[in-house]
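If you want the building blocks of each chain, they are given just below.
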Amino acid sequence: MPEQRKKRILTGDRPTGCLHLGHYVGSLKNRVDFQDDYDCFFIIADYQVLTDHINNTKGVGESIRNILLDYLSVGIDPKKSSIFIQSMIPEIAQLTMYFSMLVSVPRLQRNPTIKEEATAARIGAKEISYGFLGYPVSQAADILSVRADVVPVGEDQLPHLEQTREIAKSFNRTFDDVFKYPEALLGEYPRLPGIDRQKMSKSRGNAIFLSDSPEEVAKKVMKAYTDPQKIHLTDPGHIEGNVVFNYLDAFYDNKKEIDDLKGKYERGEIGDVAIKKILIDILNEFLSPIRERRRQYEDDPKLLEKILLEGNERTREEAQKTLELVHKAMNYHYGNIFSFR
Ligand code: TRP
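Fair warning: this is a prediction, and the values are worked out from it, not measured in the lab.

Moving on, we come to the site of the ligand. The full set close to the ligand counts 14 residues, and R14, Q48, Q139, D142 and Q157 are the nearest of them. R14 has a polar side-chain atom sitting 3.1 Å from an oxygen atom of the ligand. Within the side chain of Q48, one N or O atom sits 2.9 Å away from a nitrogen atom of the ligand. Elements supplying a minimum of two residues to the shell around the ligand: β1 (8-13), α8 (135-145) and β4 (150-153). When residues in the shell around the ligand are grouped by element, the largest group, 4 residues, is from β1. Along the lines of polarity and charge, the residues of the shell around the ligand split into 6 nonpolar, 5 polar and 3 charged.

In the structure shown here, the tally under the stated rule is 24 salt bridges. With a shortest N-O distance of 3.1 Å, R31 and D13 are connected by a salt bridge. Here the residue R31 occupies a position in helix α1 (residues 21-34), and D13 occupies one in strand β1, the gap between them amounting to 18 residues. Its relative accessible area of 9% is what places D13 among the buried residues.

Per the stated rule, a full pass over the model turns up 13 aromatic pairs. Arranged with centres 6.3 Å apart and planes meeting at 80°, the rings of F99 and F171 form a pair that is edge-to-face. Of this pair, F99 sits in helix α4 (residues 90-99) while F171 sits in helix α9 (residues 158-174); the two residues are 72 residues apart in sequence, bridging distant segments of the chain. F171 carries the same exposure label as F99, and that label is buried.

Attention now goes to helix α11 (residues 243-251). α11 sits mainly inside the fold: 7 of its 9 residues count as buried. For α11, every residue scored as buried is listed here: V243, V244, F245, Y247, L248, A250 and F251. Sitting at the head of α11, N242 places a side-chain oxygen 3.1 Å from the backbone nitrogen of V244.

Reading the values: rules and limits
Residues numbered from 1 in each chain as written. Predicted model: local features only at pLDDT ≥ 70, side-chain atom pairs only at ≥ 80, totals over all residues. Heavy atoms only, no water. Near = heavy atom within 4 Å. Polar contact = N/O pair within 3.5 Å; in protein donor to acceptor, adjacent residues only side chain to side chain. Helix = DSSP H or I, 4+ residues; strand = E, 2+ residues; numbered from the N terminus. Nonpolar A, V, L, I, M, F, W, Y, C, P; charged D, E, K, R; others polar. Salt bridge = Lys/Arg side-chain N within 4 Å of Asp/Glu carboxyl O. Buried < 20%, exposed > 50% of the residue type's maximum accessible area, 1.4 Å probe, protein only. Phe/Tyr/Trp six-rings, centres within 6.5 Å; stacked < 30°, edge-to-face > 60°.

Quick look at the structure:
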């Protein structure tokens, strides 16, 4: 009998800082939109901090708190969804052990996201640790621990999803049909640029954070990359590659007005400062209820702790069920080993 249940979502983030607008349009918005129809699990992936921050784990507790507040403030509802910490689910480590036997080292070395991250952290192919190279295996364990169907992520995570499916297939082929093959779900804007037009990232100093104050938002937008050729208001401007218009597209739902502004900008009827002021208002309006919810949760550390404990518990229940199936499929069920004859 196939299991009758709501479809499951699992996704999450590393606790290395706060979440930003790119996370919102790339994945968080989908999580909020889907939480009524799916059984949702959101992982705060603290093992992954060790890949490139192994000498810098002092802030990990604070970052876990920040990520949790980011989740709650955008509207993830802990009554509907489980938020949990990766290292508190021992079954994930167990699954990682088994899965690590089902993937070859050259296959891991081909993963483009690993290459990119190692380069960014200045870690060469000869120095990369076993755990860094292998973290997509641990990520497969995250996803498969609750046998998720859908994984809302940004574009950079697609190679990991592909590996997750390969590992699931390999397990099923080797042992028995335990796993489904989870699908990625990309947000509407999977690669929102940072204010300097490079990939928006926590570490590059080019991100607008969900927790930024109105003044910080204004300051960052004023610095944002526009069209370097447009010097005077009356110079015709370019929309393509213009970060301010990227953000308007992503955060302003009045499409007609956006088209109007684009026309004026292209004809040299409006300048950078005016367009940036419009964007500042729109972003601050978008962030205002998020800030408000953050303030409410911030004042209640007991509630924050309870949310994580309940999330951990609920996730462990599911992960334990998965491990039972896994052990059975692998013939690793030793409960009555001494009664064998
Ligand atoms: N690798 C993801 C990131 O860097 C975080 C993550 C950990 C994740 N486990 C996951 C994402 C499982 C999706 C599913 O953002």
